[in-house]
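# Architecture and fold: a report
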Amino acid sequence: MAPKEPFRFHTRIRFIDTDASGRIHYTAMFRYFESAEIEFMRRLGVSYTKFGYGFPRVHVECDFLLAIGHDDPLDIEVFLTKLGRSSVRLEFRTSKEGRLAARGAVVIACIDKKTERAIAIPADIRAQFERELTEAPDKGV
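The following refers to the structure shown. Everything numeric here is computed off the predicted structure, so don't read it as measured data.

Scoring rules and cut-offs
Residues numbered from 1 in each chain as written. Predicted model: local features only at pLDDT ≥ 70, side-chain atom pairs only at ≥ 80, totals over all residues. Heavy atoms only, no water. Pairing = 2+ DSSP bridges. Helix = DSSP H or I, 4+ residues; strand = E, 2+ residues; numbered from the N terminus. Axes fitted to C-alpha atoms, helices over the stretch in contact; angles between N-to-C directions. Contact = heavy atoms within 4.5 Å. Buried < 20%, exposed > 50% of the residue type's maximum accessible area, 1.4 Å probe, protein only. Expected span 1.5 Å × (residues − 1). Phe/Tyr/Trp six-rings, centres within 6.5 Å; stacked < 30°, edge-to-face > 60°. Core = buried A, V, L, I, M, F, W, Y, C linked by side-chain atoms within 4.5 Å.

### What to know about the sheet that holds strand S4 (residues 73-83)
As summarised here, the arrangement of the five strands in space is S1-S4-S5-S6-S3, forming an open sheet in which the pairing is antiparallel. Sheet topology places strand S1 (7-12) and strand S3 (57-64) at the edges, where each strand pairs with a single neighbour. Direction aside, the axes of adjacent strands within the sheet are offset by 20° on average. Pairing analysis gives seven bridges linking S3 to strand S6 (residues 99-109), with the strands arranged antiparallel. In the strand pairing of S6, Val 60 is matched with Val 106. Its contacts with the sheet put helix H1 (residues 28-44) on S1, S3, S4, strand S5 (87-96) and S6, and the angle it makes with S1 is roughly 135°.

Here's what the structure looks like:
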């Protein structure tokens, strides 16, 4: 069986997201991951705003492997790599001109908005996530 194709998101780095060194500010990469995540979820039919539950991030990480600057074109691949009872792990691989520039991950919990406690991922969303579950590519550089 051929490996599953990742979801791909294309963007460019905005000037406002760079720091005094001319490179992307480290916190801004998470906004680009989030943009890719939102489009990935939209493709699955998952909305963060239409229901009585929420999806806060409970863990984030990012490693920068190349300099990323203003107007650099980026391709961000999204992989759903872990599905728990109440959380999912998404991993991101960011390429600049075909070279791995950054990689990262977020863990998103499903919570009841009223109680702010973790709840099981609803069955319809779980089914969508199960179809997307894959192994992330080799983490080596």
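From this point, things continue past the structure.
### Here we look at unusual backbone geometry
One non-glycine residue, Glu 97, lies in the positive phi region at around 55°. Considering the arrangement of structural elements, one finds Glu 97 in the loop between S5 and S6. Classification of Glu 97 by relative accessible area gives exposed; the value is 66%. The backbone of Glu 116 sits at a positive phi, close to 60°, despite the residue not being glycine. With respect to the element layout, Glu 116 can be found in the loop between strand S7 (111-112) and helix H2 (123-132). Of the residues examined, Glu 116 reaches a relative accessible area of 61% and is grouped as exposed.

### Re H1
Here H1 is 17 residues long and its end C-alpha atoms lie 25 Å apart, about the 24 Å a rise of 1.5 Å per residue gives. Considered for burial, the residues of H1 that qualify are Ala 28, Met 29, Tyr 32, Phe 33, Ala 36, Glu 37, Phe 40, Met 41 and Leu 44. Here the buried face of H1 lies against S1, S3, S4, S5, S6 and H2. With its phi angle positive at about 85°, Gly 45 sits one or two positions after the end of H1.

### A word on the packing of aromatic side chains
The geometry of an aromatic ring pair is captured by two quantities: the separation of the ring centres and the angle between the planes. Under the counting rule described, the total for this entry stands at four aromatic pairs. Consider the rings of Phe 30 and Phe 33, whose centres lie 6.0 Å apart with planes at 85°: the pair is edge-to-face. Placement of both Phe 30 and Phe 33 in helix H1 is noted, with a separation of three residues, approximately one turn of the helix. Residue Phe 30 is classed as partly exposed on the basis of its relative accessible area of 26%. For Phe 33, a relative accessible area of 1% puts it in the buried group. Among the aromatic side chains, those forming a connected cluster through ring pairs are Phe 30, Phe 33 and Phe 92.

### As for the nonpolar core
If you look at the biggest cluster of nonpolar residues, it comprises 33 residues, and the most contacted ones within it are Met 29, Leu 90 and Phe 129. Counting only elements with at least two residues in this core, the list comes to S1, H1, S4, S5, S6 and H2. The biggest single contributor to this core is H1, with eight residues. Aside from chain neighbours lying at most four places away, what touches Met 29 is Ile 24, Cys 62, Phe 64, Ile 68, Leu 74, Ile 76, Thr 94 and Ala 102.

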